[in-house]
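Chain residues, written in single-letter form:
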Amino acid sequence: MTTTAESAALRDACAHEIDKRTRGHFNNRPWLREAYLHIPREHFVPDRVWQLKKRHCTVLDRATQPEEWLAAIYQSRAPLITQVSDGTVRIEDGPTYSTDFTSSISCSAVVVDMLHYLDPQPGDRVLEIGTGTGYSTALLCHRVGAENVVSIEIDKGLAEAANARLRRLGLHPLVVTADGEDGYSSHGPYDRIISTAAVRKVPQVWLHQARKGTVIVTPIDTPYGCDGLLRLVCDGAGSAEGRLHGGLSFMKLRGQRERLSYGELGWPEWDQLQVQIGPDGQKVRAP
């Protein structure tokens, strides 16, 4: 069996690995590093999870592989899959070749990066779209207070399991089983909105549940072979502006799994991109 000391040592080592990054992450966010070191990530990981390999996913079992299970949790760039095909693929059946991942605990580096750009302040009212295992929810509770966090999960089983894990740590945010694409208006407006599922189009309703200055952080589908991490600032009147901060890969909101034309979603067409080449190198710009 693993020990609390082993867990703390791995968490500290993972934090040091994340420290090496020069963009995002813990930079200028001492509260975020403190929260990461305080919250036991393994508390939010099921005893059996899938681990990504080159061509398939193998099963990590805490009962038979305690050291490997714990070490995988603290690999800074490796997510662990907790659900495949909305639960129709059972982990009891062992390894899987399916890539239809529908829930996971995102890797530490990505979780920390997203919270870096969200930058919630103490007392902020936060809406989280996609509770998942509850790990990111716990980090938010540590920063703003559990009474200020509303977390929405569309899958009832995942929501109930996450809520139970949070309560065992003495955290009592509002965990709601609902479609996060609709937000949660009864507790708005919010100061921060974060989605742990990617969108193709940011739901307008999120902007209507935001104040002036509200920050929204969400992965968004792009034409470039990966999702982009989008940070928006809202004007409080249903509009927002922002920019992308690097690439990543996330599961889509259930209601936005169907592919849409990138032109329809507002992305520039290929013939609109401008390329400039000179002594300083090559630059590609959108109009």
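The structure we're discussing is the one just above.
Residues numbered from 1 in each chain as written. Predicted model: local features only at pLDDT ≥ 70, side-chain atom pairs only at ≥ 80, totals over all residues. Heavy atoms only, no water.

Caption draft 1: Fine view of the pattern of salt bridges. Applying the stated criterion across every chain yields a total of 14 salt bridges. For E42, the salt bridge is made with R11, and the minimal N-O distance between the two is 3.5 Å. Taken together, the residues span a long stretch of sequence, with E42 in the loop between α2 (30-38) and β1 (48-52) and R11 in helix α1 (residues 4-19) at a distance of 31 residues. Taken individually, E42 and R11 each receive the classification buried, so the pair is uniform in this respect. (Salt bridge = Lys/Arg side-chain N within 4 Å of Asp/Glu carboxyl O. Helix = DSSP H or I, 4+ residues; strand = E, 2+ residues; numbered from the N terminus. Buried < 20%, exposed > 50% of the residue type's maximum accessible area, 1.4 Å probe, protein only.)

Caption draft 2: Layout of helix α6 (residues 156-168). Given a rise of 1.5 Å per residue, 13 residues ought to cover 18 Å, and the 18 Å separating the end C-alpha atoms of α6 matches this to within 8%. The set of residues buried in α6 consists of L158, A159, A162, N163, R165 and L166. Within α6, the buried residues cover an arc of 160° as seen down the axis, which keeps them to one side. Turned more than 90 degrees off the buried face of α6, the exposed positions are K156 and R168. Considering only its buried residues, α6 is in contact with β3 (80-84), β4 (101-105), α5 (135-144), β6 (149-153) and β7 (174-177). The N-terminus of α6 is capped by D155, whose side-chain oxygen sits 3.0 Å from the backbone nitrogen of G157. Positive backbone phi, at 80°, marks G170, one or two positions downstream of α6. (Expected span 1.5 Å × (residues − 1). Arc of directions from axis to C-beta. Contact = heavy atoms within 4.5 Å. Polar contact = N/O pair within 3.5 Å; in protein donor to acceptor, adjacent residues only side chain to side chain.)

Caption draft 3: Up close: the sheet that holds strand β8 (residues 190-195). Taken in spatial order, the 7 strands make up an open sheet running β7-β6-β5-β8-β9-β10-β11, and their pairing is mixed. Only two strands of the sheet have a single partner each, and these edge strands are β7 and β11 (240-248). Strand-to-strand twist in this sheet, taken as the mean axis angle between neighbours without regard to direction, amounts to 15°. Where strand β5 (residues 126-129) lies against β8, 4 bridges are found, and the strand directions are parallel. When the sheet's bridge partners are listed, I129 is paired in β8 with S195. Each of β6 and β7 is contacted by α6, which is oriented at about 165° to β7, the strand it contacts most. (Pairing = 2+ DSSP bridges. Axes fitted to C-alpha atoms, helices over the stretch in contact; angles between N-to-C directions.)

Caption draft 4: View of the nonpolar core. Counting residues in hydrophobic clusters, the biggest one holds 49 residues, and the most contacted among them are Y36, L80, L115, Y135 and V217. For this core, the secondary-structure elements that each account for two or more residues are α1, α2, α3 (66-73), α4 (108-118), α5, α6 and β9 (210-221). With 8 residues, α4 is the largest single contributor of residues to this core. Leave out the neighbours within four places in its chain, and V217 touches M114, Y117, L118, I193, I194, S195, L229, L230 and R231. V150, Y190, L232 and L253 belong to the second-largest nonpolar core, a separate cluster that totals 19 residues. (Core = buried A, V, L, I, M, F, W, Y, C linked by side-chain atoms within 4.5 Å.)

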